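# Survey of secondary and tertiary structure
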Amino acid sequence: MNQIRYDKVLNPAQLTAVMTTEGPLLVIAGAGSGKTRTLVYRVARLVETGVPPEGVLLLTFTRKAAGEMLERAAGLADERCRNVSGGTFHSLAHRVLRQHAGFLGFSTNYTVLDRSDMEELIQSLVQEMQVDKGSIRFPKKSTLANIISKAANLEKGVEDLMTDEYAQFLEYAPQVNKLSRLYGEYKKESQFMDYDDLILFFRKLMAENQGIREQLGRQYRYIMVDEYQDTNAIQADIVKWLAHDHHNIMVVGDDSQSIYSFRGANYRNMFEFPKLFPETRVVKLEQNYRSTQPILNLSNAIMNQAEEKYTKCLFTERGDGNLPRVVDARTEPEQAMYVSQAIREQLDRGLSLKDMAVLFRAAYHSFELEVELARRGIPFVKYGGFKFMESAHIKDLLAHLRSVVNREDTISLGRILRLVKNIGQNKSQAIIQWMREEKCHPWQVAEWPGAGKGDDGLKGLAQLLRQLGGKGTGPKRAIELAIEYYEPILKERFDDFPRRQRDLEQLLPMASRYQKLRSFLDDLTLEPPNSAADMGPVDRGDCLTLSTVHSAKGLEWAVVFIIWVMDGYFPSAKANSGMEAIEEERRLMYVAATRAKDELILCYPGQESPRPWVSNDGGAIPYTRGLSSFIQSLPSGVVEYGSMGTPFKTRDVSWVLKKAGLRREEHETKGRGLRAGDRVRHPAFGQGVISKLQGEDKVEVLFRDFGRRLLHLGYTRLEKV
DNA sequence: CATCACGCTGTTTTT
DNA sequence: CAGCGTGATG
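Residues numbered from 1 in each chain as written. Chains lettered and ligands numbered in written order. Predicted model: local features only at pLDDT ≥ 70, side-chain atom pairs only at ≥ 80, totals over all residues. Heavy atoms only, no water.

## Description of the overall build of chain A
- Of regular secondary structure, chain A possesses 28 helices and 24 strands.
- The burial tally for chain A puts 55% of its 721 residues in the buried class.
- Residue pairs in contact within chain A that sit at least 24 positions apart in sequence constitute 74% of those at least 6 positions apart. (Helix = DSSP H or I, 4+ residues; strand = E, 2+ residues; numbered from the N terminus. Buried < 20%, exposed > 50% of the residue type's maximum accessible area, 1.4 Å probe, protein only. Contact = heavy atoms within 4.5 Å.)

## Quick notes on the nonpolar core
- Judged by nonpolar contacts, the single largest core of 49 residues is most densely connected at L398, L401, L417, I479, Y486 and F520.
- For this core, the secondary-structure elements that each account for two or more residues are α17 (392-405), α18 (410-419), α19 (425-438), α20 (457-469), α21 (475-493), α22 (497-511) and α23 (517-526).
- In terms of residue count, α21 provides more of this core than any other element does, nine residues in total.
- Ranked by size, the runner-up nonpolar core spans 40 residues in total, among them L104, L205, L216 and I238. (Core = buried A, V, L, I, M, F, W, Y, C linked by side-chain atoms within 4.5 Å.)

## Some thoughts on the pairing of strand β2 (residues 56-59)
- Every second residue of β2 is oriented toward a common face, with V56 and L58 on one face and L57 and L59 on the other, all of them buried.
- Of the pairings in the sheet, the one linking β2 to strand β6 (residues 222-225) comprises four bridges and is parallel in character. Within β6, the position partnered with L58 by the bridge is M224.
- As paired elements, β2 and strand β3 (residues 85-87) share three bridges and run parallel to each other. Opposite L59, over in β3, you have G87 as the bridge partner.
- A crossover connection joins β2 to the parallel β3 through helix α4 (residues 63-76); in handedness this β-α-β unit is right-handed. (Pairing = 2+ DSSP bridges. Right-handed = clockwise from strand over helix to strand, strands pointing away.)

## Points about the side chain of T545
- Assignment of secondary structure puts T545 in strand β14 (residues 544-548).
- Here T545 is in contact with M356, A357, V358, V381, Y383 and W557, once residues within four sequence places are set aside.

## Here's the deal with the sheet that holds strand β8 (residues 281-285)
- One open sheet holds the six strands; their spatial order is β3-β2-β6-β7-β1-β8, and the pairing between them is parallel. The open sheet has two free edges, formed respectively by β3 and β8, since each of these has just one partner strand. The sheet shows a mean angle of 15 degrees between the axes of neighbouring strands, direction not considered.
- Direction of pairing for β6 relative to strand β7 (residues 249-253): parallel, over a ladder of three bridges. Across the sheet, residue V225 finds its bridge partner in β7, namely V251. (Axes fitted to C-alpha atoms, helices over the stretch in contact; angles between N-to-C directions.)

## With respect to the pattern of salt bridges
- Taken as a whole, this structure holds 33 salt bridges when the rule is applied.
- Between D164 and K156 there is a salt bridge, with its nearest N and O atoms 2.8 Å apart.
- Between D522 and R518 there is a salt bridge; the shortest N-O distance is 3.9 Å. Residue D522 and its partner R518 are both found in helix α23; the two are separated by four residues, about one turn of the helix.
- Through salt bridges that share partners, K35, D226, E227, D230 and K553 make up one connected network. (Salt bridge = Lys/Arg side-chain N within 4 Å of Asp/Glu carboxyl O.)

Next up, the structure:
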């Protein structure tokens, strides 16, 4: 154990936050102000003063964040810090509910629905309801899930929420309302809890059951909550109940970094906190230890334009640096080109890839860049967006295990039934109906009286399920059995079979860390790995980071590129929340900018440009893109504006053709006079050669700088040159 | 009744 | 790209 000289490693404000262990404490911590450091030292301090580690609770935004903080505390002080209880609100709620759900009339054997389970259930209910499609399109399942979830988090009625935020679908409000009710009933019947239920029921448990509340109060004598600006009203209530009996509660946050309002988060929680606990002490951390002054000037300027702000400006003792650059890269392909070029330059300057990151608003905004990086052989890891757990093959495989663990889980059962040959929507529903009526075990599927001669596949499934449900079958064995069963189906269903097979095998090492199937599945739901690389000890080596801003919280890099797409968003009726949405975009930009230590480059495709996923349809549906007005109207001297020249070098088209081993073909697309071998120009991709004609209005073009693309002539503006 | 080929469409972020 | 609906096919 090391003796820590707190006054040597912390500034006065941080020191106060660390040493004030008793009573409620609100820490307002600007970006890069050593917030994590403060939490880590506070954990160390608590353990050092003799608080048993199990009695300390650290609530963070992701489980990973908690783990990393405790790891750090253990490293710099006392090994026992590793035993501090840490996790998210959801994981804590789950831990408690697994024990006490009985008080709420639930079985402790409930299944946690992740987002895609929720959507699937909603989808099936929509089909049952037979809503008649009115004049406008009925919202798709992900939108419906968003509406229902947000209403739950804000404790609003569906209709009220839709009036405020989904006015474009208001005519469907009665149907959505009914859907929401059916969804609630179905969950109850099937012993399902979605993410929102975990939180809501946890609060209910504490509000209504004094015994459990007192027990938790005794168990966790010291509580810390990170990212408090991202909590919602329900979570604030939970905090209130958790600390009800001892008031040893510290919350840390920064209102300028609140970017989760879509989950019902409300940064005003931070300023309500002293009302919950009137004797609250407030500490502000305003010195930034991360960025250069020019970067902070930009960050401050962004926030100065905000409608509502509480924290003061950040300052740093880090001297001058380069002005942040704002670059108009004209089109998205050129932007990808520009960013990878700039990365190359930083590399030549001696920087390493792991010191750089590219941040963006939405996962798909980096598609074009990813292609370009791959072309140049620049390795990268990507965070955010599509999840490993959400890929169809992983869901398929796990559904087999889930349907055994919870007999009521008809979602998973339906899913695996539909994988059996000759069983689709109708038969699977019939089987499920029958099983519900007869109260069968899942492994009795093959006894379904409706089975015809084509339905032999059910026997194989029944056999697997019986094995999975067997007493001695642990998580690892279960995965092995399921893979063995599922592999032929996988081969049949997907053509990129080898990759998906490797993904499935990634589950094995993870499964072997668990004793019980149930807890393995729970953890996969509550702590889903981001990618296959997250599953095992994969060496990421020296890679560039690509990340959504949401996933980049709590991290920092020497050089940060931000690629931004903003104007053109929120086209439809965000009636009341339009302004709030813009304000949240501002805070997103702030979070992104404050990740940078030394260099910051903002770039955007200023020109009206084709859609980013041009690969298949060549779509040129125009929409304006660019940095929003709050960036363009920054005070002078805060940034340096630039634009990107045309980087394409001319090269002989026949050289390209030859390199690709192509020959000129003679036939012609009707009416357009385009032939294979013709040189063409695309507004975004530049010059290319038609390599193949497909049907009347599709052509495959080999672009000099962007490789092969299939373009739809109905959409694309392809000129002959 | 299941499956396949085809065409159309597109806010986003995560526990 | 991927999800979805539609109409044709087995």
